[in-house]
Amino acid sequence: EPEVTQTPSHQVTQMGQEVILRCVPISNHLYFYWYRQILGQKVEFLVSFYNNEISEKSEIFDDQFSVERPDGSNFTLKIRSTKLEDSAMYFCASTEGPNTQYFGPGTRLTVL
Amino acid sequence: EDQVTQSPEALRLQEGESSSLNCSYTVSGLRGLFWYRQDPGKGPEFLFTLYSAGEEKEKERLKATLTKKESFLHITAPKPEDSATYLCAVQERSGGSNYKLTFGKGTLLTVNP
């Protein structure tokens, strides 16, 4: 069964460093998303991506964040200068259209 | 004001003791309501999608129902392996190509043997 994959599973970084989180969506899906979940809190929408551009972003997704689909299979989230408050689980999701989103296993980001 | 409210926050059941989880929502136009299961440290795992009031979906011991204001996830004769956090999420009807999900805080279900 096709699934969304994410790497790395755990990333530890120093405050102020850049990180890139990687996702491989399900192959025939066209819409891609990043969500995050701070420990003990709810899953929050960050950004949606379709047709090689951002279709919507939340207030959380400020200038420190960017997304890219560098090739036909990968979808990345970059945080340019990490802050302590960026520590969270980051989930990638994909879907064919306005229906079920399938989530990856997540990347746990720890900012020290 | 939260658009999606789940209750209870936590529920502890004995094996075989049936119960229901609630998800109430306040969106202007609902495209879909989704139930996910989340195990600790893992990503949300899809369970059900409901699109219109009156719709019901079933899978093993779980049944999801939808009204115009809320959804219920009924768990019949639960087993310890059903222990997880159950997440409800809504997708609003809007123009464009964004189908983002808005999640509730979840219900942590513990089923004791």
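Preceding block: the structure.
Residues numbered from 1 in each chain as written. Chains lettered and ligands numbered in written order. Predicted model: local features only at pLDDT ≥ 70, side-chain atom pairs only at ≥ 80, totals over all residues. Heavy atoms only, no water.

Visitor: Whenever I open this one, the overall build of chain B confuses me. Can you help?
Guide: If you tally the helices and strands in chain B, you get 0 helices and 11 strands. Ordered by position in the sequence, the α and β elements of chain B form the string β-β-β-β-β-β-β-β-β-β-β. Computed over C-alpha atoms, the radius of gyration of chain B comes to 14 Å, within 12% of the 13 Å expected from 2.2 N^0.38 for 113 residues, which places it in the range of a compact globule. The principal-axis extents of the C-alpha atoms in chain B amount to approximately 45 × 30 × 25 Å. Counting only residues that meet the buried cut, chain B has 47% of its 113 residues in that class. Residue pairs in contact within chain B that sit at least 24 positions apart in sequence constitute 56% of those at least 6 positions apart. (Helix = DSSP H or I, 4+ residues; strand = E, 2+ residues; numbered from the N terminus. Rg over C-alpha atoms; globule rule 2.2 N^0.38 Å. Buried < 20%, exposed > 50% of the residue type's maximum accessible area, 1.4 Å probe, protein only. Contact = heavy atoms within 4.5 Å.)

Visitor: For this particular structure, what's the right way to read the pattern of salt bridges?
Guide: Two side chains with opposite charge may pair up if their charged atoms get near one another. Residue and element names in this part refer to chain B. This structure, assessed with the given rule, holds 6 salt bridges over all chains. Residue Lys 63 is joined to Glu 56 by a salt bridge in which the shortest nitrogen-to-oxygen separation is 3.7 Å. With a shortest N-O distance of 2.8 Å, Arg 61 and Asp 82 are connected by a salt bridge. Within this pair, whereas Arg 61 is found in the loop between β6 (56–59) and β7 (62–66), its partner Asp 82 is found in the loop between β8 (70–75) and β9 (84–92), the two being separated by 21 residues in sequence. (Salt bridge = Lys/Arg side-chain N within 4 Å of Asp/Glu carboxyl O.)

Visitor: What is the right way to read the sheet that holds strand β1 (residues 4–7) of chain B from this model?
Guide: Picture the strands of a sheet paired through backbone hydrogen bonds; they go either parallel or antiparallel. All names here are of chain B. Reading across the sheet, the 5 strands line up as β1-β3-β8-β7-β6 and stay open at both edges, with antiparallel pairing between neighbours. Each edge of the open sheet carries a strand with a single partner, namely β1 and β6. Within this sheet the neighbouring strands show an average axis-to-axis angle of 15°, counted without direction. Judged from the 6 bridges that link them, strand β3 (residues 19–25) and β8 form a sheet pairing that is antiparallel. Residue Ser 19 lies in a different strand from β8, and its bridge partner there is Ile 75. (Pairing = 2+ DSSP bridges. Axes fitted to C-alpha atoms, helices over the stretch in contact; angles between N-to-C directions.)

Visitor: Hey, could you run me through the side chain of His29(A) in this one?
Guide: All names here are of chain A. Relative to the elements of secondary structure, His 29 occurs in the loop between β3 (19–24) and β4 (31–37). Owing to a relative accessible area of 7%, His 29 belongs among the buried residues under this scheme. Among the polar contacts listed, one links the side chain of His 29 to the backbone nitrogen of Thr 95, at a separation of 3.2 Å. Not counting the four nearest positions on each side in its chain, His 29 is found in contact with Ser 94, Thr 95, Glu 96 and Tyr 102. (Polar contact = N/O pair within 3.5 Å; in protein donor to acceptor, adjacent residues only side chain to side chain.)

Visitor: Help me out: how do you make sense of the layout of surface pockets in this one?
Guide: To find leftover empty space, a probe the size of one water molecule is rolled over the atoms. By volume, the largest pocket is sized at about 690 Å³. What lines the largest pocket is a set of 28 residues, among which Gln37(A), Leu39(A), Gly40(A), Gln41(A) and Gln38(B) lie closest to the centre. If you list the elements that add at least two residues to the lining of the largest pocket, you get β9 (88–95) and β11 (107–111) of chain A together with β9 and β11 (107–112) of chain B. When the residues that make up the lining of the largest pocket are grouped by side-chain class, the tally is 11 nonpolar, 12 polar and 5 charged. (1 Å grid on protein atoms, 1.4 Å probe; cavity = no way out; pocket = protein on both sides within 12 Å on 5 of 7 lines; lining within 4 Å. Points joined across faces, edges and corners; volume = space filled by probe spheres on them. Nonpolar A, V, L, I, M, F, W, Y, C, P; charged D, E, K, R; others polar.)

Visitor: Please explain the pairing of β1(B) as it appears in this structure.
Guide: Each regular strand carries side chains that alternate between the two faces of the sheet. All names here are of chain B. Here β1 shows a buried face lined by Val 4 and Gln 6 and an unburied face lined by Thr 5 and Ser 7. As judged from the 4 bridges shared by β1 and β3, these two strands associate in the antiparallel manner. From the neighbouring strand, Gln 6 faces β3, where its bridge partner is Cys 23.

Visitor: I keep staring at the environment of Pro44(B) and nothing clicks. Help me out?
Guide: Mapped onto the elements of the fold, Pro44(B) is located in the loop between β4 (30–38) and β5 (45–50). A relative accessible area of 4% places Pro44(B) in the buried class. The sequence separation of Pro44(B) and Arg31(B) amounts to 13 residues, and the corresponding C-alpha distance is 20 Å. In this view, Pro44(B) contacts Phe91(A), Phe103(A), Tyr36(B), Arg37(B), Gln38(B) and Leu87(B); residues no more than four positions away in its chain are not counted.

Visitor: How should I be thinking about the nonpolar core in this particular structure?
Guide: Membership of the largest hydrophobic core comes to 24 residues, with the highest contact counts inside it found for Leu33(B), Trp35(B), Leu73(B) and Tyr86(B). Going through the elements one at a time, β2 (10–14), β3, β4, β5, β7, β8, β9 and β11 of chain B are the ones with two or more residues in this core. Per-element tally for this core: the top contributor is β9(B), with 4 residues. By size, the runner-up hydrophobic cluster in this structure holds 21 residues, among which are Val19(A), Leu21(A), Phe61(A) and Phe65(A). (Core = buried A, V, L, I, M, F, W, Y, C linked by side-chain atoms within 4.5 Å.)

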